[in-house]
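Listed here are the chains, written in short residue letters.
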Amino acid sequence: MERISSCLESLFVRRTTILCLIFYTNTLDNILLTSVVPIIPEVLMELDRIDDPDKNGNESIRPNLAITDKNISDSLSFTKQLLQESYKALDENSQVGLLLSSKALVQILANPCVGCLSERYGYHILLTVGTVLLLISSLVYACAGSFVSFLAGRLVHGIASAFTSIAALSILAELYSSDLERSKVMGVAMGGVAFGVVVGYPFGGFLYDYCGQSSPFLILSLFVIIDIVFQGCIICRSRAITIPGKYLQSSILTLLKDPFILITAGIIMFTTMAMSTLEPTIPIWIIDTMKAPKWQLGLVFLPDSIGYFIGTNFFGAVAKQIGRWICSLSCMLLLGFCLICIPFSTSVTQLMLPHFGIGLGLGIVDAALMPLLALLVDTRQMASYGTVYAVAQLSVCLAYGLGPLLGGQVVKRFGFPSLMWSLGGLLILTSPCAIVLRSVKTKEECMSLILDSEDEALVKEDTPQYNRLYTDD
């Protein structure tokens, strides 16, 4: 028993184990995030049909070739019903956009609080609290039967994501001090985000279509419970838990005054808006223009997920080597071009290539800029990873708050193609801002400004791991 206990303790304190657990938590968070996307529009439209008695009575209406006054009246009623359904689909954009954006809006308020709590209670505790809230949100979705109940689940999920996302990135930034290591492991961790998105859309679409609304959320709840158990084991056994009060924190306002952090957060926000605007608008556009079956609404986002997975897992270290600003600039142009191409598609198959480009560009940007934020804190601010990743999540939440909310209104007034063309043009016009990140200094360059040549040589001699950790530039 002692040997088994010793093995378990050594397992739970390994950095690789913690990285795998963060990957798993990010996967569950994003399965819950994306599985509701193909479900909510259909559920809300079905609730509207139930609440409207006229639509229930119109099912028996059939056009007749016999020309009589009654048949003409029935044919006009049948045509009117089809037109009402089409207009209703467009009006649903506003309601769906409000529901999907509510998570991001409450997460905006929660992020600064979580950033402050991380210094007091430690990152591991906050990760577990967020996972428990994730379980509650999933159970609320399983029982949801109205707009209000879906809204409640979405709000709880927003608070949960604030805890898990900030805590996960902060844990990795603290465990891995080398910039190159961070680029690799954060890419792996965000690969969990991509994998969750890959699974989430078809997971929600298929199970909702064939097993009912509650089934995807009940199954997901079981996996969340397993996650909570493993996190509890790590908290009980790990000696590497963040020590509360270990670091002095820079406030969020102080970090936002740093031009590099501000521009990095802005790039994250604008690129994330490409996906956040598509999620509530393109399913209804597909239903209205392509008459696609329900199960295809989940598959339409599969190329985005695959592209994001490739971008985060394989381009983190590459972006560091060739220049993070070059990757950010190129991906913003790629995202803009793909958005402009989407309205020209006439089938779900034609949407695959631009969707893959959007996912790939977004994944590369995240893999390049998330480790950069930790580097900026190390070299320009006090070591407060919780606060700087609260800023990053604020950017993501602003994108997911403004994207669906404004996107739904623009589609309602000007149409879906105008939304895509305007957003694509915005990304192309703002892409030169990434050039500013070219001036970001590495740890070695910052140390060379402080230490003279003799002191720098002494530091390298006294710390044998220095060259191994910080010679990756």
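Residues numbered from 1 in each chain as written. Predicted model: local features only at pLDDT ≥ 70, side-chain atom pairs only at ≥ 80, totals over all residues. Heavy atoms only, no water.

A. Main features of the overall build of the protein chain. Scanning the protein chain for helices and strands turns up 21 helices and zero strands. Buried residues in the protein chain amount to 54% of all 473 residues. Partitioning the intrachain contacts of the protein chain with sequence separation of at least 6 by distance along the chain shows that 86% fall at a separation of at least 24. As displayed, the protein chain offers around 20,600 Å² of accessible surface, 68% of which is attributable to carbon and sulfur atoms. (Helix = DSSP H or I, 4+ residues; strand = E, 2+ residues; numbered from the N terminus. Buried < 20%, exposed > 50% of the residue type's maximum accessible area, 1.4 Å probe, protein only. Contact = heavy atoms within 4.5 Å. Areas by Shrake-Rupley, 256 points an atom, 1.4 Å probe, with all protein chains shown as cover.)

B. Summary view of the packing of helix α15 (residues 324–341) against helix α16 (residues 352–380). Running from N to C, α15 and α16 cross one another at 155°; their axes reach a closest spacing of 9 Å. Between α15 and α16, the crossing angle belongs to the class labelled roughly antiparallel. Like other packed secondary-structure pairs, α15 and α16 cross with a definite hand, here left-handed. Where α15 approaches α16, its residues R324, C327, S328, C331, L334, L335, C338 and L339 are matched on the opposing element by P354, G357, I358, G361, L362, I364, V365, A368, L369, P371, L372 and L375. By residue class, the composition of the contact of α15 with α16 is 16 nonpolar, three polar and one charged. (Axes fitted to C-alpha atoms, helices over the stretch in contact; angles between N-to-C directions. Parallel < 35°, antiparallel > 145°, perpendicular 65-115°, else oblique. Left-handed = near helix turned anticlockwise from the far one by under 90°. Nonpolar A, V, L, I, M, F, W, Y, C, P; charged D, E, K, R; others polar.)

C. Structural context of the environment of S418. Topologically, S418 is positioned in helix α18 (residues 416–430). With a relative accessible area of 29%, S418 lands in the partly exposed category.

D. Seen up close, the packing of aromatic side chains. In the structure shown here, the tally under the stated rule is six aromatic pairs. By the ring-pair criterion, three or more aromatic residues cluster together here, those being Y141, F150 and F217. (Phe/Tyr/Trp six-rings, centres within 6.5 Å; stacked < 30°, edge-to-face > 60°.)

E. Layout of the side chain of R324. Residue position: R324 is located in helix α15. In terms of polar contacts, R324 uses its side chain to reach the backbone carbonyl oxygen of A368, at 2.9 Å. Beyond its immediate chain neighbours, meaning those up to four positions away, R324 contacts D179, S183, A319, A368, P371, L372 and L375. (Polar contact = N/O pair within 3.5 Å; in protein donor to acceptor, adjacent residues only side chain to side chain.)

F. Region of the structure containing the environment of L19. Locating L19 in the fold gives a position in helix α2 (residues 15–35). A sequence separation of 153 residues divides L19 from L172, and the C-alpha atoms of the two residues are 7.4 Å apart. Those residues in contact with L19, other than ones at most four positions away along the chain, are L172, Y176, V185, V188 and A189.

G. Structural context of the pattern of salt bridges. Within this structure, the stated rule accounts for three salt bridges. When the shortest N-O distance is used, the salt bridge between D179 and R324 registers 3.2 Å. Placement of D179 in helix α8 (residues 179–211) and of R324 in helix α15 is noted, with a sequence separation of 145 residues between them. Here D179 matches R324 in class, with each residue buried. (Salt bridge = Lys/Arg side-chain N within 4 Å of Asp/Glu carboxyl O.)

H. Here's a closer look at α18. Under the 1.5 Å per step criterion, the end-to-end length of α18 is 22 Å for 15 residues, consistent within 8% with the ideal 21 Å. Along α18, the residues that are buried comprise F416, L419, M420, L423, G424, L427 and T430. On an axial view of α18, the arc spanned by its buried residues comes to 140°, and they lie on one face. Summarising the contacts, the buried residues of α18 are in contact with α11 (259–289), α15 and α17 (385–414). (Expected span 1.5 Å × (residues − 1). Arc of directions from axis to C-beta.)

I. Structural context of α8. With 33 residues, α8 should reach 48 Å at 1.5 Å per residue; the first-to-last C-alpha distance of 46 Å fits that figure. Maximum bend of α8: about 25°, positioned at G200, with proline P202 one to four residues after it. Of all 33 residues that make up α8, 24 are buried, and the element is covered over most of its length. The distance from a side-chain oxygen at the start of α8 to the backbone nitrogen of L180 is 3.3 Å, and the residue carrying that oxygen is S178. Remark: G212 follows α8 within two positions and exhibits a positive phi of approximately 105°. (Bend = angle between axes of the 7 residues up to and from the residue.)

J. Spotlight on the packing of α2 against α8. Between α2 and α8, the shortest axis-to-axis distance is 7 Å and the interhelical angle comes to 35°. Judged by the twist between their axes, the crossing of α2 over α8 is right-handed. Looking at the contact of α2 with α8 residue by residue, the classes come out as 13 nonpolar, 10 polar and two charged.

K. Fine view of the state of the cysteines. Per the counting criterion, the structure on display carries zero disulfides. No disulfide involves C341; its sulfur sits 6.4 Å from that of C338, the nearest cysteine. A relative accessible area of 27% means that C341 is categorised as partly exposed. (Disulfide = S-S within 2.5 Å.)

L. Examining a nonpolar patch on the surface more closely. A surface patch of nonpolar side chains, amounting to about 460 Å² of accessible area, comprises L98, L105, L398, L402, L405 and L406. Where the nonpolar patch is concerned, the elements lending two or more residues are α5 (69–121) and α17. Ranked by the residues each element gives to the nonpolar patch, the list is headed by α17, at four residues. Inspection of the secondary structure assignment puts L398 in helix α17. (Patch = residues over 30% accessible without salt bridge, like charges linked within 9 Å, V, L, I, M, F, W, Y side chains within 5 Å.)

M. Looking closely at the environment of F309. With respect to the element layout, F309 can be found in helix α13 (residues 302–314). Relative accessible area serves as the criterion here: at 29%, F309 is assigned to the partly exposed category. Put simply, F309 and G191 are 118 residues apart on the chain and 5.3 Å apart in space, counted from C-alpha to C-alpha. In contact with F309, other than residues within four places in its own chain, are G191, A194 and F195.

The quantities given are spatial measurements derived from coordinates; they are silent on function.
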